Amino acid sequence: AAPAMASPLLVLRPEKLRVLAPGEDGAGRNVLRGRVAELVYQGESTLFYVELPGGARIAAREAARASAPALPGIGGEVALALAPADTILVPDGA
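Below is a short write-up of the structure. Remember, it's a predicted structure, so these values are computed and weren't measured experimentally.

**Some thoughts on the overall build of the protein**
Along the protein, the regular secondary structure elements total zero helices and seven strands. Moving toward the C terminus, one meets the helices and strands of the protein in the order β-β-β-β-β-β-β. When the backbone C-alpha atoms are referred to their principal axes, the protein occupies close to 40 × 25 × 25 Å. Looking at the protein as a whole, 24% of its 94 residues qualify as buried. Excluding contacts between residues fewer than 6 apart, the proportion of contacts in the protein whose partners are at least 24 apart in sequence is 61%. Surface summary for the protein: the accessible area is close to 5900 Å², and the carbon and sulfur share equals 55%. In the protein, which carries 9 positive and 10 negative side-chain charges, the distance between the mean positions of the two groups comes to 2 Å.

This is how it looks when you write it as structure tokens:
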């Protein structure tokens, strides 16, 4: 087992986060919930910023594809899933 960290920071790659469809539980993945703060359509993908409870803001990128869940508008609630293999924690100050 990895040693415990006092205040770890979560490293996120925007393209590793996946939008969950309404009612989807994200089984086996880490789930972050928040509200859409900003949307930037970029042709083949959408970059969007999500404000988490507590005020932290993260970026996520969703590829434009027919099977992707619809993104909510500004202020809408969204759940993002992150696979355990893509979850990276580093010590605060590293």
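**Quick look at the side chain of Ser-45**
Position of Ser-45 among the secondary structure elements: in strand β4 (residues 45–51). Looking at Ser-45, its side chain comes within polar contact range of the side chain of Arg-61, at 3.2 Å. Beyond its immediate stretch of four places on either side in the chain, Ser-45 contacts Val-40, Arg-61, Glu-62, Ala-63 and Ala-64.

**Regarding the sheet that holds strand β5 (residues 57–63)**
Overall, antiparallel pairing links the five strands, which are arranged β2-β6-β3-β4-β5 in an open sheet. Single-partner strands in this sheet number two, and they are β2 (18–19) and β5. Pairing between β2 and strand β6 (residues 77–82): two bridges, direction antiparallel. Residue pairing in the sheet places Val-19 in a bridge with Leu-80 of β6.

**Brief notes about the pattern of salt bridges**
Across all of its chains, the model carries three salt bridges by this definition. A salt bridge links Glu-15 to Arg-13, with the nearest nitrogen and oxygen atoms 3.0 Å apart. In this structure, the salt-bridge partner of Arg-35 is Glu-77, at a minimum N-O distance of 3.0 Å. Highlighted residues: Arg-35 in strand β3 (residues 30–41) and Glu-77 in strand β6, separated in sequence by 42 residues.

**What about the environment of Ala-60?**
Note on placement: Ala-60 falls in strand β5. Put simply, Ala-60 and Val-40 are 20 residues apart on the chain and 10 Å apart in space, counted from C-alpha to C-alpha. Excluding residues within four positions of it along the chain, Ala-60 makes contact with Pro-14, Leu-17, Thr-46, Leu-47, Phe-48 and Leu-80.

**A word on the side chain of Thr-46**
Assignment of secondary structure puts Thr-46 in strand β4. Among residues more than four places away in sequence, those in contact with Thr-46 are Leu-39, Val-40, Tyr-41, Ala-60, Arg-61, Glu-62 and Leu-71.

Reading the values: the criteria
- Residues numbered from 1 in each chain as written.
- Predicted model: local features only at pLDDT ≥ 70, side-chain atom pairs only at ≥ 80, totals over all residues.
- Heavy atoms only, no water.
- Helix = DSSP H or I, 4+ residues; strand = E, 2+ residues; numbered from the N terminus.
- Buried < 20%, exposed > 50% of the residue type's maximum accessible area, 1.4 Å probe, protein only.
- Contact = heavy atoms within 4.5 Å.
- Areas by Shrake-Rupley, 256 points an atom, 1.4 Å probe, with all protein chains shown as cover.
- Lys, Arg positive; Asp, Glu negative; His and termini not counted.
- Charge placed at Lys NZ, Arg CZ, Asp CG, Glu CD.
- Polar contact = N/O pair within 3.5 Å; in protein donor to acceptor, adjacent residues only side chain to side chain.
- Pairing = 2+ DSSP bridges.
- Salt bridge = Lys/Arg side-chain N within 4 Å of Asp/Glu carboxyl O.

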